[in-house]
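# Structural description and commentary
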Amino acid sequence: MQLAVLGRLLSVGRAVLAALRGRLGALCWSLAPLCLSVPLPLPGWRDSGPRPEREREWDDESPTPTSVNYHFTRQCNYKCGFCFHTAKTSFVLPLEEAKRGLAMLKEAGMEKINFSGGEPFLQDRGEFVGKLVQFCKQELELPSVSIVSNGSLIRKQWFEKYGEYLDILAISCDSFDEDVNILIGRRQGKKNHVENLHKLRQWCREHAVAFKINSVINRFNVEEDMNEQIKALNPVRWKVFQCLLIEGENSGEDALREAEKFVISDEDFDRFLDRHKDVSCLVPESNQKMRDSYLILDEYMRFLNCRNGRKEPSKSILDVGVEAAIKFSGFDEKMFLRRGGKYVWSKADMKLDW
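Calculation rules
- Residues numbered from 1 in each chain as written.
- Predicted model: local features only at pLDDT ≥ 70, side-chain atom pairs only at ≥ 80, totals over all residues.
- Heavy atoms only, no water.
- UniProt positions renumbered as here; feature names shortened; annotations may be inferred.
- Helix = DSSP H or I, 4+ residues; strand = E, 2+ residues; numbered from the N terminus.
- Buried < 20%, exposed > 50% of the residue type's maximum accessible area, 1.4 Å probe, protein only.
- Contact = heavy atoms within 4.5 Å.
- Phe/Tyr/Trp six-rings, centres within 6.5 Å; stacked < 30°, edge-to-face > 60°.
- Lys NZ or Arg CZ within 6 Å of the ring centre and 35° of its normal.
- Pairing = 2+ DSSP bridges.
- Right-handed = clockwise from strand over helix to strand, strands pointing away.
- Axes fitted to C-alpha atoms, helices over the stretch in contact; angles between N-to-C directions.
- Left-handed = near helix turned anticlockwise from the far one by under 90°.
- Nonpolar A, V, L, I, M, F, W, Y, C, P; charged D, E, K, R; others polar.
- Expected span 1.5 Å × (residues − 1).
- Salt bridge = Lys/Arg side-chain N within 4 Å of Asp/Glu carboxyl O.

Looking at an unreviewed UniProt entry, one finds the protein named S-adenosylmethionine-dependent nucleotide dehydratase RSAD2 and attributed to Pomatostomus ruficeps. The UniProt entry for the protein carries the following comment under Sequence similarities (unreviewed entry): "Belongs to the radical SAM superfamily. RSAD2 family." According to UniProt, the comment filed for the protein under the heading Cofactor (unreviewed entry) is "[4Fe-4S] cluster".

This is the structure we're talking about:
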């Protein structure tokens, strides 16, 4: 009898220890540097990316991950010269692990998820991102689910299968001159990027997906007048970025791109904005606004801190939890709100004429 009771007590003890183990990494992380960190890697993969040289001190309160950009892949079929999230790895999380992380973010306060890359439609011919979109809208019931894509790999069948779960599709288009797109590297094969943009605009209209355009203003397009083309496409937002250098991504010895030749001055950027000031959907973002006002998750679900001009990763939220990881993200929540990061982002609230 006593042996049976002892056996049951040992079983209970093992269960308790197993539960405590799942929280130990986050606990030690929260006490750093007073104790050693105990990372708990996912089965089947290792967080082998570079660690930051120094990690900023914790703030009194963790920011809320209201809007998160998840770059789940670094692979891309384009070779844009200024890309600041380049193909340094080919790693993609297993689908169920990605879903687990997204559920953790929802629990921590996430309202909007944006899937990006790399090119998100490259993984499993769009099925991977489609399943994540459906999960976030159907299971997590997020108010807003969006994708940023170059658009070259999207098929009409994808809209028919997953369009109802997608709030916003943002297509990157830096020029309405195909010769300029070729100079930038935004092209593959003979497909015309601008013609494809108009086709995607129509599919978004047919499937009630809000259409957005992202443009990076650089030395090759800074003198271009895009007023007529943007007004004709009538996106809900035209996000205009100033070309940004990130060491280790598009600048420096270990970078895969050399974006210095694309860089423009603040004055050049302001002149471009002034030329397009009558475009009602224009949303300008200078380097200052961009650098610290985005919550970026990489392919390992690590927050990327860009405050020092390069991407310094936190530990993965899958290892230490959202609250512990986000403290090292460098995220400026006030700048996020000041730049208009929170807007009407659910297509149910947009009242658009599809």
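Past the structure itself, the notes keep going.
Turning our eyes to something else, we now look at the side chain of Lys-239. Inspection of the secondary structure assignment puts Lys-239 in strand β6 (residues 237-242). Overall, Lys-239 belongs to the buried group, its relative accessible area being 5%. Those residues in contact with Lys-239 that lie beyond four places of it in its chain are Lys-212, Ile-213, Asn-214, Ser-215, Val-283, Glu-285, Tyr-294 and Arg-339.

What follows covers the packing of aromatic side chains. Evaluated as defined, the whole model comprises 14 aromatic pairs. Each ring, one from Tyr-70 and one from Phe-115, has its centre 6.2 Å from the other, and the planes form 55°; the classification is tilted. Of this pair, Tyr-70 sits in strand β1 (residues 67-71) while Phe-115 sits in strand β2 (residues 112-116), placing them 45 residues apart in sequence. For Tyr-70, a relative accessible area of 0% translates into the label buried. Between Tyr-343 and Trp-345, the aromatic rings sit 5.6 Å apart at their centres with planes inclined by 70°, giving edge-to-face as the arrangement. Through a chain of ring-to-ring contacts, three or more aromatic side chains come together here, namely Phe-121, Trp-158, Phe-159, Tyr-162 and Trp-203. The ring of Tyr-294 is capped by Arg-339, whose NZ or CZ atom sits 3.8 Å from the centre of that ring.

Residue Gly-118 follows Gly-117 across a cis peptide bond; omega there is 10°. For Gly-118, the position within the fold is in the loop between β2 and α3 (127-139). A positive phi angle, near 50°, is found at Asn-234, a position not held by glycine. On the secondary structure map, Asn-234 appears in the loop between α7 (227-233) and β6. Located in the positive-phi region is Met-301, a residue other than glycine, with phi close to 60°. Tracing the chain through its elements places Met-301 in the loop between β8 (296-297) and β9 (302-305).

To continue, consider the pairing of strand β5 (residues 210-217). The element β5 is largely enclosed, with a buried count of eight among its eight residues. Side chains Ala-210, Lys-212, Asn-214 and Val-216 project from β5 onto one buried face, and the interleaved Phe-211, Ile-213, Ser-215 and Ile-217 project onto a second face that is buried too. In the sheet, strand β4 (residues 168-172) pairs with β5 via five bridges, with the strands oriented parallel. Pairing of Ser-172 across the sheet is with Asn-214, part of β5. Where β5 lies against β6, six bridges are found, and the strand directions are parallel. Residue pairing across strands places Val-216 opposite Phe-241, the latter belonging to β6. Since β5 and β6 lie parallel, the crossover through α7 that links them has a hand, and here it is right-handed.

Here the focus is the packing of helix α2 (residues 95-107) against α3. With their axes 11 Å apart at the nearest point, α2 and α3 run at an angle of 35° to one another. Judged by the twist between their axes, the crossing of α2 over α3 is right-handed. Two secondary-structure elements touch here, α2 through Leu-95, Ala-98, Lys-99 and Leu-102 and α3 through Phe-128, Lys-131, Leu-132, Phe-135 and Cys-136. Residues belonging to the contact of α2 with α3 are distributed by class as follows: seven nonpolar, no polar and two charged.

Our next topic: α3. Spanning 13 residues, α3 covers 17 Å between terminal C-alpha atoms, matching the ideal 18 Å at 1.5 Å per step. Here the buried face of α3 lies against β1, α2, β2, β3 (144-149) and α4 (156-162). Downstream of α3 by one or two residues, Glu-141 has phi in the positive range, about 55°.

We now examine the pattern of salt bridges. Under the criterion given, the structure shown has 19 salt bridges. Where Lys-156 meets Glu-206, a salt bridge forms, and the shortest distance between an N and an O atom there is 2.6 Å. Here Glu-206 lies in helix α6 (residues 193-206) and Lys-156 lies in helix α4, a separation of 50 residues in the sequence. Taking relative accessible area as the criterion, Glu-206 reaches 45% and is therefore assigned partly exposed. The shortest N-O distance in the salt bridge between Arg-310 and Asp-254 comes to 3.7 Å. Taken together, the positions of Arg-310 in the loop between β9 and β10 (312-316) and Asp-254 in the loop between β6 and α8 (266-275) put the pair 56 residues apart, joining distant regions of the chain. A relative accessible area of 41% means that Asp-254 is categorised as partly exposed.

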